[in-house]
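So the chains spell out like this:
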Amino acid sequence: SRLSSPDNWELLFSISLKATISSLCWGPSVKKGLQYLAFGGGNETVAILEIKAREQTLWETVLQIPCNANINDLVWNNKGLICIGDDDGTVSVVDLSYLKSGKAVSEMNYNWQRQGVISQTKLTRNLGRNAITSLCCQSPSAAFDINTLAVGGSDGIFEIIDLSERGQLQAAPK
């Protein structure tokens, strides 16, 4: 199959921010016409957009996750965990699985909306002396039956972490 020409591509919408955007990632698909997108960068915040495709594309910011440093990378696995790598050597793992309900956030109970803000685990390596520069999630498959997160940093180290039992997730030694 041939790729379509960029001349035929359609701009759905554009958002202009004052801060640098260093990472974007799509959330897991939940329902046709309803999608989530996370982005972060130089403003030390990850924003979650809810995008509704109807006659026209509508979007709104449904959640902002504050961080302690600039965001370098984001990944969002199919279980609903978003992982945030920052300039200070921290990976924050935030449970946003409630967004997989198929309902728009405006249709949800407020307590569900707060879940993402309070369901968070932080992993730190060489705090303040290392930037987390790369993240990659692998969901369970026939070959590998656990949820894993690969973490790479400016210290030249990469680690693979098991996210299968999120409640037992331990912070990496400093």
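See the structure above.
Residues numbered from 1 in each chain as written. Predicted model: local features only at pLDDT ≥ 70, side-chain atom pairs only at ≥ 80, totals over all residues. Heavy atoms only, no water.

Chemist: How should the overall build of the chain be read in this particular structure?
Modeler: Secondary structure assignment for the chain yields one helix and eleven strands. When the elements of the chain are put in sequence order from the N terminus, they spell out β-β-β-β-β-β-β-α-β-β-β-β. When burial is assessed residue by residue, the chain has 43% of its 174 residues classed as buried. In the structure as shown, the chain presents an accessible area of about 10,300 Å², 49% of it carried by carbon and sulfur atoms. (Helix = DSSP H or I, 4+ residues; strand = E, 2+ residues; numbered from the N terminus. Buried < 20%, exposed > 50% of the residue type's maximum accessible area, 1.4 Å probe, protein only. Areas by Shrake-Rupley, 256 points an atom, 1.4 Å probe, with all protein chains shown as cover.)

Chemist: Just to check I follow, could you spell out the sheet that holds strand E6 (residues 81–86) for this structure?
Modeler: Strands pair in a sheet through their backbones, by hydrogen bonds, and they do so in one of two ways: parallel or antiparallel. The four strands are arranged E5-E6-E7-E8 in an open sheet whose pairing can be described as antiparallel. With one partner strand each, in any of the chains shown, strand E5 (71–76) and strand E8 (120–124) form the two edges of the open sheet. Averaged over neighbouring strand pairs, the angle between their axes works out to 15° when direction is ignored. (Pairing = 2+ DSSP bridges. Axes fitted to C-alpha atoms, helices over the stretch in contact; angles between N-to-C directions.)

Chemist: Is there a simple way to explain the side chain of Thr45 in this structure?
Modeler: Along the chain, Thr45 turns up in strand E3 (residues 45–53). Taking the relative accessible area as the measure of exposure, Thr45 reaches 18% and is therefore buried. Setting aside chain neighbours within four positions, we find Thr45 in contact with Phe39, Gly40, Gln64, Ile65, Pro66 and Ile71. (Contact = heavy atoms within 4.5 Å.)

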